[in-house]
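Geometric and topological summary
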Amino acid sequence: MNLIREEEFQNLRHLVDQLSGTIRRATDERPLLFGEFAREYLESKLANPTLRRSTKSAFENQVRIHLLPAFGLLPIERVKNGEWLQFVTDMRAQKRLSRFFNARKCLIEILSAARNEGHIQKLPKLDNPDAPKDVGRALEEKEILNILWRARRPFRFIFYVFWKMGCRPREILSWEWSMMRWGEPGRTWIDVPARISKTDR
């Protein structure tokens, strides 16, 4: 009788071991959800001391307000261009977003990190739904030289610096007259303070 009980006990123990292994495999094989990885990536980005506070805040807003509600419950490997375009359609219908540059940029960053860690094999190509902006055109060199030729001091120097530095319009508009340093003849420079520079340096 004791032998039978011992045999039944061993059979039951073997069955429990099999079930435990099945449960572990099922857990290990469960697809990683976008929300799980996005939250983990967000926390690591917020903890990065080299990033500006405004950069962290903008990224966090995109993730928490837009990306997690839309893609959070999807397996990360299923977040592709079709799902992205459906998100765009929904946001436009709800009039919650008019331009998608920042949301697309943040989503690509998260998916790129997932690819680098081996969670997805290939980074999906996400269509840009925003209409192209009318950004004008770059001046040709002969046009720039004509401007420099006709400009008077000190504007000739300022225009020359704009040209050689490749300044963008918003950067130029943030410059102030007090930044111009008029030294002795032949020595003139522009002092751009850290408070208006892109890198704070």
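Only a predicted model underlies this, so the values are computations on that prediction, with no experimental measurement involved.

Details of the packing of aromatic side chains
- Using the criterion set out here, one finds 9 aromatic pairs in the structure.
- A ring pair is formed by Phe-87 and Phe-100, whose centres lie 6.2 Å apart and whose planes are at 80°; its orientation type is edge-to-face. Of this pair, Phe-87 sits in helix H4 (residues 81-94) while Phe-100 sits in the loop between H4 and helix H5 (101-116), and the two are 13 residues apart along the sequence. Residues Phe-87 and Phe-100 agree in their burial class; the two are buried.
- The interplanar angle of 85° and the centroid separation of 6.1 Å between the aromatic rings of Tyr-160 and Trp-163 together place this pair among those described as edge-to-face. Here Trp-163 and Tyr-160 lie together in helix H7 (residues 155-165), a separation of 3 residues that amounts to about one turn.
- Site record: aromatic cluster; members linked through ring pairs are Phe-34, Phe-71, Trp-84, Phe-87 and Phe-100.
- The lysine or arginine in question, Lys-45, covers the ring of Phe-59, its NZ or CZ lying 4.2 Å from the ring centre.

Details of the nonpolar core
- Phe-34, Leu-67, Phe-71, Trp-84, Phe-87, Leu-107 and Ile-110 are the most contacted members of the largest nonpolar core, which has 28 residues in total.
- Looking at this core, the elements that each hand over two or more residues are helix H2 (34-46), helix H3 (53-71), H4 and H5.
- At 7 residues, the largest contribution of residues to this core is made by H5.
- Ignoring any residue separated from it by four or fewer positions in sequence, one finds Phe-87 in contact with His-66, Ala-70, Phe-71, Leu-97, Phe-100 and Ala-103.
- If you look at the next biggest cluster of nonpolar residues, it comprises 8 residues, including Val-161, Phe-162, Met-180 and Ile-190.

Each value, and the rule that gives it
Residues numbered from 1 in each chain as written. Predicted model: local features only at pLDDT ≥ 70, side-chain atom pairs only at ≥ 80, totals over all residues. Heavy atoms only, no water. Phe/Tyr/Trp six-rings, centres within 6.5 Å; stacked < 30°, edge-to-face > 60°. Helix = DSSP H or I, 4+ residues; strand = E, 2+ residues; numbered from the N terminus. Buried < 20%, exposed > 50% of the residue type's maximum accessible area, 1.4 Å probe, protein only. Lys NZ or Arg CZ within 6 Å of the ring centre and 35° of its normal. Core = buried A, V, L, I, M, F, W, Y, C linked by side-chain atoms within 4.5 Å. Contact = heavy atoms within 4.5 Å.

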